[in-house]
Protein chains: 2
Amino acid sequence: MPNQPRKPQNASVSPNRPVDLDRLDREILAVLAHDGRATYQEVSQQVRLSANAVADRIRRLRAQGVIRGYRADLDLARTGRTLTALSDVNLRDGVEHRGFEASLEQLPQVVGAVHVTGEYDYQLRILCTGTEELEAVVETLKQDHGVRELRSRIVLREVELDPTRALA
Amino acid sequence: MPNQPRKPQNASVSPNRPVDLDRLDREILAVLAHDGRATYQEVSQQVRLSANAVADRIRRLRAQGVIRGYRADLDLARTGRTLTALSDVNLRDGVEHRGFEASLEQLPQVVGAVHVTGEYDYQLRILCTGTEELEAVVETLKQDHGVRELRSRIVLREVELDPTRALA
DNA sequence: CTTGAAAATCGCTTTAC
DNA sequence: GTAAAGCGATTTTCAAG
C-alpha cells in the first residue's frame, strides 16, 4: 500500500506503562488484526469515524507500540512442512540460555521458542516435512545444542480463534 | 493501501498437494513476512525483479493459499495483558472436543488452542493482566468447560525468531 | 474530531518488447 | 520476464471550523 508510515518498525516507548485503549481503539485494532492491509477509509467505515481521525489513531497506536507492525500470514503447511511439534526441553547443566537461543538460528525448523517456568526450560515449536525430519532435529538438539531432556507432542489441529478476542 | 486484492481472504486450493517455491518466491515471502504492507515496488527492489513480475507472483502465492492474508502484529502486553501462560489441559470423560473448543469463545483470555497428542488433549495460550485473572480463568475452565486436569506454565520470555526461517 | 483540498504514490491494466 | 503509459484510488499533509 502507499504512503503508510511503515518505518520506524519499532517504536521506543517507556516500558511497563500500560496503554489504555477506548472502544474506538479496540475496534480499529480488531479490523487491522483481521485485515492488516485495510485502508484508512475501509477502517473508518467499520468504526464510524472519519478516515483522518482513524489515521491519527493508527499512527498513535503504532508509536505507542501497540501495533508492532504488519506481517503476511503464511501457511507453511502448503509448502510441505505439514508436521508441527511442540517440544518441551531441558538444558544440560552449564549450558547458557542465551547461547542456546542463539544456536537455534541454525535450525530453520524451529519457528518458535518460549522460556517458561516449571519442569522444562523452553518450549519449542518445530515445523517439519515429516517424522524423519523431526527425528533429525531432535537428535541435533541433543547432540549440538545442549539439550538434556526433550519431550515432543504432535499438533493434530490448531483451533481457530479470533485474534481480536483479547482486546475485550 | 489502494487497489490490492484483499478479498478473497481465503483461497480454496486442492488440499494436500504441496506447493513448491523457487528462490524468488521464498525471497518475496520473506519480505512480506517482515513487512506485510510492503508495496510491489519495494518488494521488487529487494528481490531484483520488476514490480509487475513481483505482483504476479504475490497474486499466485495468495491464490495458492501460501499467503493466507495480512495481519497487524499487536503487542497485547502494552495494553496491560502482561502475563502469558501455557496451559496443558485434559478434558473430562464424555466432553466433546468441538464443544469444548466452541466454549472457549467465551474466554477472551484464551488466545490460542492446539489439539495435541500425548498426555494432554490441548495446550492453551492464556493472556492475563495478572495472577488473579489467571486463577479465575483456570477455575472457570474446570467448572464450566469440562476441564479435568490443568497444568500451567508461565512464559518468562518469547525468543525472537525470524518467521522467515522455515522457508529455507 | 470533522471537512475539504492539494500533491504524491500506488495498484491495475494495457501496450509494447 | 521487462519497460512504459494511463487511469482510478489512496495516503499524506495542510488548512479551517
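Residues numbered from 1 in each chain as written. Chains lettered and ligands numbered in written order. Predicted model: local features only at pLDDT ≥ 70, side-chain atom pairs only at ≥ 80, totals over all residues. Heavy atoms only, no water.

- For chain A, an unreviewed UniProt entry supplies the name Lrp/AsnC family transcriptional regulator and the organism Streptacidiphilus fuscans.

### Examining the interface of chain A and chain B
Reports often express the size of an interface as the amount of accessible area lost when the parts come together.
Moving on, step 1. Contact residues are listed per partner, giving 75 residues for chain A and 75 residues for chain B.
Moving on, step 2. The three residues of chain A that bury the most area against chain B are Arg 37, Arg 78 and Arg 165 of chain A, which together make up 13% of that side's buried surface.
Moving on, step 3. Counting across the interface, chain A meets chain B through 14 salt bridges.
Moving on, step 4. Note that Glu 101 of chain A is salt-bridged to Arg 157 of chain B, the shortest N-O span being 2.7 Å. (Contact = heavy atoms within 4.5 Å. Buried area = accessible area lost by both parts, 1.4 Å probe. Salt bridge = Lys/Arg side-chain N within 4 Å of Asp/Glu carboxyl O.)

### Some points on the pairing of strand β2 (residues 83–91) of chain A
Residues and elements named next belong to chain A.
Moving on, step 1. Burial within β2 is extensive, with nine of its nine residues counted as buried.
Moving on, step 2. Of the two faces of β2, the one lined by Leu 83, Ala 85, Ser 87, Val 89 and Leu 91 and the one lined by Thr 84, Leu 86, Asp 88 and Asn 90 are each fully buried.
Moving on, step 3. In terms of strand pairing, β2 meets strand β4 (residues 122–128) through seven bridges, oriented antiparallel. In the sheet register, Asp 88 faces β4, and the bridge partner there is Gln 123. (Buried < 20%, exposed > 50% of the residue type's maximum accessible area, 1.4 Å probe, protein only. Helix = DSSP H or I, 4+ residues; strand = E, 2+ residues; numbered from the N terminus. Pairing = 2+ DSSP bridges.)

### Quick notes on the packing of aromatic side chains
Moving on, step 1. The full count for this structure, using the stated rule, is two aromatic pairs over all chains.
Moving on, step 2. Each ring, one from Phe 100 of chain B and one from Tyr 122 of chain B, has its centre 4.9 Å from the other, and the planes form 50 degrees; the classification is tilted. In this pair, Phe 100 of chain B is assigned in helix α4 (residues 97–103) and Tyr 122 of chain B in strand β4 (residues 122–128), connecting sequence segments 22 residues apart. Each member of the pair, Phe 100 of chain B as well as Tyr 122 of chain B, is classed as buried.
Moving on, step 3. Across from the ring centre of Tyr 70 of chain A, 4.7 Å away, lies the NZ or CZ of Arg 37 of chain B, which sits over that ring. (Phe/Tyr/Trp six-rings, centres within 6.5 Å; stacked < 30°, edge-to-face > 60°. Lys NZ or Arg CZ within 6 Å of the ring centre and 35° of its normal.)

### Some words on unusual backbone geometry
Moving on, step 1. Here the phi dihedral of Arg 48 of chain A falls at roughly 60 degrees; this positive angle occurs in a residue that is not glycine.
Moving on, step 2. Its place among the elements puts Arg 48 of chain A in the loop between α2 (40–47) and α3 (51–63).

### Remarks on the domain arrangement of chain A
Moving on, step 1. Parsing chain A into structural domains produces domain 1 (7–72) and domain 2 (76–154).
Moving on, step 2. Placing a centre on the C-alpha atoms of domain 1 of chain A and another on those of domain 2 of chain A gives a separation of 34 Å. (Domains from an automatic or database assignment.)

### A word on the packing of helix α1 (residues 23–34) of chain A against α2 of chain A
When two helices pack together, their arrangement is given by the angle between the helix axes and the distance between those axes.
All names here are of chain A.
Moving on, step 1. In the contact formed by α1 and α2, the axes pass within 10 Å of each other and the chain directions differ by 130 degrees. The orientation of α1 relative to α2 falls into the category oblique. In the crossing of α1 with α2, the sense of the turn from one axis to the other is right-handed. Within the contact between the two elements, α1 uses Leu 24, Glu 27, Ile 28, Val 31 and Leu 32 and α2 uses Val 43, Gln 46 and Val 47.
Moving on, step 2. Within the contact of α1 with α2, the residues separate by chemical class into six nonpolar, one polar and one charged. (Axes fitted to C-alpha atoms, helices over the stretch in contact; angles between N-to-C directions. Parallel < 35°, antiparallel > 145°, perpendicular 65-115°, else oblique. Left-handed = near helix turned anticlockwise from the far one by under 90°. Nonpolar A, V, L, I, M, F, W, Y, C, P; charged D, E, K, R; others polar.)

### Comments concerning the pattern of salt bridges
Moving on, step 1. With the rule as written, the count across this model stands at 32 salt bridges over all chains.
Moving on, step 2. Residues Arg 60 of chain B and Asp 25 of chain B are paired through a salt bridge, measuring 2.8 Å at the closest nitrogen-oxygen approach. With Arg 60 of chain B in helix α3 (residues 51–63) and Asp 25 of chain B in helix α1 (residues 23–34), the pair connects residues that are 35 residues apart, well separated along the chain.
Moving on, step 3. Residue class for Arg 60 of chain B comes out partly exposed when judged on its relative accessible area of 30%.
Moving on, step 4. By sharing partners, the salt bridges in this structure join Asp 22, Asp 25, Arg 57 and Arg 60 of chain A into a single network.

### Details of the side chain of Arg 57 of chain A
Moving on, step 1. By the secondary structure assignment, Arg 57 of chain A is in helix α3.
Moving on, step 2. In this structure, Arg 57 of chain A is in contact with Asp 22, Leu 24, Asp 25, Ile 28 and Leu 49 of chain A, ignoring residues within four places of it in sequence.

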